[in-house]
Every structure is written in structure tokens, then in C-alpha cells.
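# Per-entry structural report
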Amino acid sequence: MIEFLQANMAPIMFAGLIVFLLLGYSVAFSLAACGLFFGYIGVELGMLPASLLQALPLRIFGILKNDTLLAIPFFTFMGLILERSGMAEDLLDTVGQLFGPIRGGLAYAVIFVGAMLAATTGVVAASVISMGLISLPIMLRYGYDRRLASGVIAASGTLAQIIPPSLVLIVIADQLGRSVGDLYAGAFIPGFVLTSLYALWVFTLTMIKPAAAPALPLEARTIREDNGSAGLRSVLALVIVSVAGAVVFAKSRPAETPTDELIVVSMCVGVGIAFALAVINRVTKLGLLSRMAERVTFVLIPPLALIFLVLGTIFLGIATPTEGGAMGALGALIMAVSRRRLSLKLMKQAMEATMKLSSFVLFILLGATVFSLSFQGVDGPIWVEHLLTSLPGGQLGFLIVVNILVFVLAFFLDFFELAFIIIPLLGPVAEKMGIDLVWFGVLMAVNMQTSFMHPPFGFALFYLRSVAPHEDYEDRLTRKKIAKVTTGQIYWGAVPFVVIQVVMVSLVIAFPGMVTSSIDKPVSKEAIESIQLETEPGGYGEQEGEKAQDGEEGAEADADGKPSGEDKEDDLAAELQREMAAEKKKGK
């Protein structure tokens, strides 16, 4: 029996953790309890030295000194302040009016605003609850299919986990030992590709079933010109001018400019052009822009400015992610003050929620540290490596199996638990198989995003369920009876978007360039060895006149038969050796 335990301690330990979790115990305490229990058994069986557990306090203090994790409370606080500052309401109202005249316009508005909230908050709960409270009643009022409305709100809220500044990317970067900035840069393009796939699904559905997402009726379009038009031509012209300016600027940049940096800076240039034109139009009252164009510009500027303050400074190398999070939190406070929404009650709520989430993350990380220490002691990583490297298909087979495993575990575990339990086991194996860990981290982040959308345990679905109407109600504007949204409708609405997320995982595997093209390539060893330094003999750091003077002195020395050049260097070396020998004798 003892021999069996010694030979199979790692799989038994992992199975014990699964049993603890299935019994319903807290993840943090399950991890710590398994680590301590099996660590004690390993010491008693002679598999582990008793001194191994003495390293635990040092590992815990190492976590507490990790300043990268400070970005989590900063971004959480920023998202909670923005949620309560009225930014989401203004964005949804304005963008809803902009897309209202087309079929599926409100759904497009939710996706667009979800992406913007993701790029400013990084918190799923804040995005889903805000859009559920604001958009869902409007979508139900004008006859949207309940499954589409609930699915698009929940899916757009989960964009906060893949579009930087994402909390899950911070945790994955810490677990993989890679730069948070690199994972942010790698996830930039996949995040917006996923946003486009959501919009493409809505477009396809409106073509197949137009009644599922009707356009806003004329009386619901409140932003109009004096002649009754919506002013969309002016918006289109402003977009064309801004995009043209951004493209011209992008073309003027050097070819070696990183993709993420090029996109962010070019977007800032385009937004700056639109803002300048809107300000000039308002000050001079020329009437060149419609009310819609002005409203859209002035509503979009604050969140876009905050995006540049956070992501722009990180991508440009001006700030670390932790510093970017601190600036984002300050920017959110300034926005709340400018909207006159900041109060002592709001600050207290935001700080309490931030403290709870940060403590939750820290406790799981401490428990995972205890578990990983004992797991490494019983050669758990070697067992996982042998298990995964023996799979058929090489890298592709490994990626398929790992993604299926993470997808299934996402039914039961949320992204923090997956990141702290699974990623440390898979990362070393992926690196040994020659897989870029930054690309692998982004791939895992896209896959773990499904943990928010999985029926029946998806957190985004729970968030939406908490704000969706539980009973039939009377609409306050139309006075019509509106049917409730059932839990089954929310679950079925999430299914197409889970499929889209799985398709996105396949796209990242098939086209790794969408991640790696945005990452600064490290200098290879061959490139370093190929560098040649060419210097002229003599005169290191000397002025030309001094060189000439030394040359004349050297010539005189040669004429006198005294040593010069290499002979001088040999004499200096010999003299130095004699001095060192004398010092040694004195020491003896």
C-alpha cells in the first residue's frame, strides 16, 4: 500500500482536490487543505523533506511583495467607479440612438458599448449589470427576442475578460511568469475580432429573422434635426474624415512600429480630429455637424480618453500595467467628479467591493501556493508533463486536449480558479513543447471566457438573472404589459455566443499571428552573437588632438627603442600581475 501511495501520490493528490471542490468547500481552503494534508503524508512516507514546508512563509511573502497584482484592485476600483458615474447610461443612450434606425441597432449598440466598457473597466459584473439594467428594458419594450437580448448583453459583458485591461490576463501573466503588457498587447486584436464576430451573428440573425431585432420606431428616436432627419450623414462624414486622418498618420509611422501601439496611437489621432471638429463647430456655430454627430463625439471622448490613459501608456511603454491601473483609477474619479456623481456613499461602496474581490483573489492565490508547493514536492509537474507530452499529435494534439479540458472545467470553476489551478500545471509543459507562453496565455484567456457563459453555472448569466424581470410588468413609457424573462431564455440565448467563443479559440490556434504580431520580439542569441564592435586601435574616448599628440609621442618612443602599442599593454599586464602577487604575500 505504501509503495502504491509513493508511486501515485501526484494523481491521488489531484483527485483529492477535485473531491474537495465537488463537496462544495471553498476553493482557497480546499487548495490549502489538500496541500498541507498531502504534504504531511509525503513527509511521513519519506517522500518529502520536512524542511520543504518551511519554504511556505517565504513563498507567501513573495506573493505579498508582487507589485504586479496591485493592478487588480486598481482596475476593479476604476470599473466600479465608472459603473456608478453614469458613463454606461450615456453611452448606451447615445449609441442606441445612433444605431436605432437599423435592424438590430440596439444589439449593435450593446456590443459596441460592451467593448468600450471592457476597455475601460475590465470587470464583467459591472458591464453585465449596467447593460442589463439600462438596455434590457428598452430591448423588451420594442419587441426584441428575449433570447437574443439576454445573450448579447451577457456575451458583451464578458468581453471585459479578453479586451485589456483584463483582470484574468493579469493573473495568467503572473502564473506564466510573463509580462502583463505582452499579454495585453497579444489580446488586443483577438478581443476586437471576437467583438466583430458577435456583431456578425446579430447581422446574420436579423437577415434570417427580421422580427427578432426590429429597428427603433420613429417616435423613439429623440436626437433629430430641425427638419426631422437623424443627421447620420454628418456622422458618416465625420467618421470618414477621422479614419482618413488616422490612416494617414499610421502610414507615416515606421514599419517596425508594434501593431498594438500603432492602433492605439492612430485611434487617438482620429478621435482628436473628431473632437477638434466638434469643438470648432460648437464654438463657431457653423452648423457643419448635426446634433447626432456632436452628441456622439462628446459622449465618446471621456471613455476613449480613459482608454488611452490606461492602454496607451502601457502599450507605448510609458507606464507599467500597475501604474496604468493607478492612472485609470484616478481618471475614473475625475470623470465621476466632472459628472457630479462622486459621493462618500459611492466611494465606500466601491472600496468595499474592491476589497472583497482583492481578498478573494489573494486567498485563492495563497491556497494555490500551498497546493503547488506540495504538488511539486511529490513530482506532480513531472506526472502532468508525462501525461500531456505522450498525447498523439504533438503540439496540436496537446492544444486540442488542453482546450477541451479547460472548456469542460469551465462548467464548474470560474476563471480565477482555472487560472490558479490549471495554468501553473499547463504552462511548463507548453513551454517545454516549444509553445510561446504569451500566445498560450491569450488562448487560455479566450477559452476561459466561456466560464462566464456556460449554462447553468455561468457568472454572467447569474448577473443578468439578478437584474432581468422575474415577473410580468407594465412598461412605464408605453404602458404595455411586458412578459418576464425566464432563466431558460437566458440560458438558450447564451448558447450561440458560447459557440462563437469556441470558434474564436479555433481562430487563435489557426492564425497565431493575430496574437504574436502585436508582441515585441525578443532579441535572439544569434542576433546578439552577430553584433561586431569595430574600434580604431588606441585612443579610446580621446579627442582627435589628443590622439595626434599620443601618436607623436608613440613615434618618439619607437625611435628611442622604447616599447609602444601592444608592448605597452603587455608591460602593463605584467606590472599588474606583479602587484597582485605582492598583495598576496602581504596577506599571507
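Residues numbered from 1 in each chain as written. Predicted model: local features only at pLDDT ≥ 70, side-chain atom pairs only at ≥ 80, totals over all residues. Heavy atoms only, no water.

### Thoughts on the overall build of the chain
Helices and strands together make up the secondary structure of the chain, namely 27 helices and 2 strands. Taking all 588 residues of the chain together, 46% fall into the buried category. Within the chain, residue pairs in contact and separated by at least 24 positions form 77% of the contacts whose partners lie at least 6 positions apart. (Helix = DSSP H or I, 4+ residues; strand = E, 2+ residues; numbered from the N terminus. Buried < 20%, exposed > 50% of the residue type's maximum accessible area, 1.4 Å probe, protein only. Contact = heavy atoms within 4.5 Å.)

### Re the confidence of the model for the chain
Model confidence for the chain is summarised by a mean pLDDT of 80, while 87% of its residues fall at 70 or above. Every residue in residues 538-566 is under pLDDT 50, and counting partners more than four places away or in other chains gives 11 contacts. The low-confidence segment residues 584-588 (pLDDT under 50) makes 0 contacts with residues lying over four places distant or belonging to another chain. (pLDDT = per-residue confidence, 0-100.)

### Focus on the pattern of salt bridges
Scanning all chains against the criterion turns up 4 salt bridges. Across the pair R295 and D93 runs a salt bridge, and its minimum N-O distance is 3.0 Å. In this pair, R295 is assigned in helix α14 (residues 291-315) and D93 in helix α6 (residues 87-99), connecting sequence segments 202 residues apart. With relative accessibility at 30%, the residue R295 sits in the partly exposed group. Across the salt bridge formed by D145 and R147, the nearest N and O atoms sit 3.7 Å from each other. Overall, D145 belongs to the partly exposed group, its relative accessible area being 23%. (Salt bridge = Lys/Arg side-chain N within 4 Å of Asp/Glu carboxyl O.)

### Quick notes on α6
In this model, α6 (13 residues) spans 18 Å end to end at C-alpha, consistent with the 18 Å of a helix rising 1.5 Å per residue. In this fold, the buried residues of α6 make contact with α5 (71-84), α7 (105-120), α8 (124-141), α12 (232-252), α14 and α15 (321-338). (Expected span 1.5 Å × (residues − 1).)

### Focus: unusual backbone geometry
Along the chain, P164 connects to P165 via a cis peptide bond; the corresponding omega equals 5 degrees. Locating P165 in the fold gives a position in the loop between α9 (146-157) and α10 (167-176).

### Here's the deal with the nonpolar core
Counting 165 residues, the largest nonpolar core has M139, V152, I162, F398, F440, M444 and M448 as its most contacted members. Among all residues touching F440, those that are not within four sequence positions of it are F398, L399, V402, L426, G427, A430 and I435. (Core = buried A, V, L, I, M, F, W, Y, C linked by side-chain atoms within 4.5 Å.)

### So, the packing of α6 against α14
The interhelical angle for the contact between α6 and α14, taken along N-to-C directions, is 145 degrees, at an axis separation of 10 Å. For the crossing formed where α6 meets α14, the hand is left-handed. Where α6 abuts α14, its residues M87, D90, L91, D93, T94, Q97 and L98 lie against M292, R295, V296, V299, L300 and P303. Here the residues of the contact of α6 with α14 sort into 8 nonpolar, 2 polar and 3 charged. (Axes fitted to C-alpha atoms, helices over the stretch in contact; angles between N-to-C directions. Left-handed = near helix turned anticlockwise from the far one by under 90°. Nonpolar A, V, L, I, M, F, W, Y, C, P; charged D, E, K, R; others polar.)

### Some words on helix α23 (residues 487-510)
Counted at 1.5 Å a residue, the expected span for α23 with its 24 residues is 34 Å, and the 35 Å between its end C-alpha atoms agrees. Maximal helix bending in α23 amounts to about 25 degrees, located at V495; proline P496 follows within four positions. Those residues of α23 not exposed but buried are I490, G493, A494, F497, V498, I500, Q501, M504, V505 and V508. Taken together, the buried residues of α23 touch α9, α11 (180-208), α18 (394-409), α21 (437-448), α22 (459-467) and α24 (513-516). (Bend = angle between axes of the 7 residues up to and from the residue.)

### So, the side chain of S166
With respect to the helices, strands and loops of the structure, S166 is situated in the loop between α9 and α10. Among the polar contacts listed, one links the side chain of S166 to the backbone oxygen of Q161, at a separation of 2.9 Å. Of the polar contacts made by the side chain of S166, one reaches the backbone nitrogen of L169; its length is 3.5 Å. (Polar contact = N/O pair within 3.5 Å; in protein donor to acceptor, adjacent residues only side chain to side chain.)

### So, the environment of S359
On the secondary structure map, S359 appears in helix α16 (residues 344-377). Judged by its relative accessible area of 31%, S359 is partly exposed. Separated by 286 residues in sequence, S359 and P73 have C-alpha atoms that sit 9.5 Å apart. Within the local environment of S359, its side chain forms a polar contact with the backbone oxygen of M355, the two atoms lying 2.7 Å apart.

### Details of the environment of L80
By the secondary structure assignment, L80 is in helix α5. Using a relative accessible area of 9% as the deciding quantity, one classes L80 as buried. L80 has contacts with A350, A353 and T354, leaving out every residue within four places of it along the chain.

### Quick look at the side chain of T206
When you line up the elements, T206 lands in helix α11. Setting aside anything within four residues of it in sequence, one finds T206 in contact with R103, G104, Y108 and A213.

### Thoughts on the packing of aromatic side chains
For the structure shown, the criterion picks out 10 aromatic pairs. Relative to F38, the ring of F37 lies with its centre 5.2 Å away and its plane at 85 degrees, an arrangement referred to as edge-to-face. Taking relative accessible area as the criterion, F37 reaches 49% and is therefore assigned partly exposed. Here F275 and F298 contribute two aromatic rings whose centre-to-centre distance is 5.9 Å and whose plane-to-plane angle is 85 degrees, an arrangement assigned as edge-to-face. Highlighted residues: F275 in helix α13 (residues 259-284) and F298 in helix α14, separated in sequence by 23 residues. Judged by its relative accessible area of 23%, F298 is partly exposed. (Phe/Tyr/Trp six-rings, centres within 6.5 Å; stacked < 30°, edge-to-face > 60°.)

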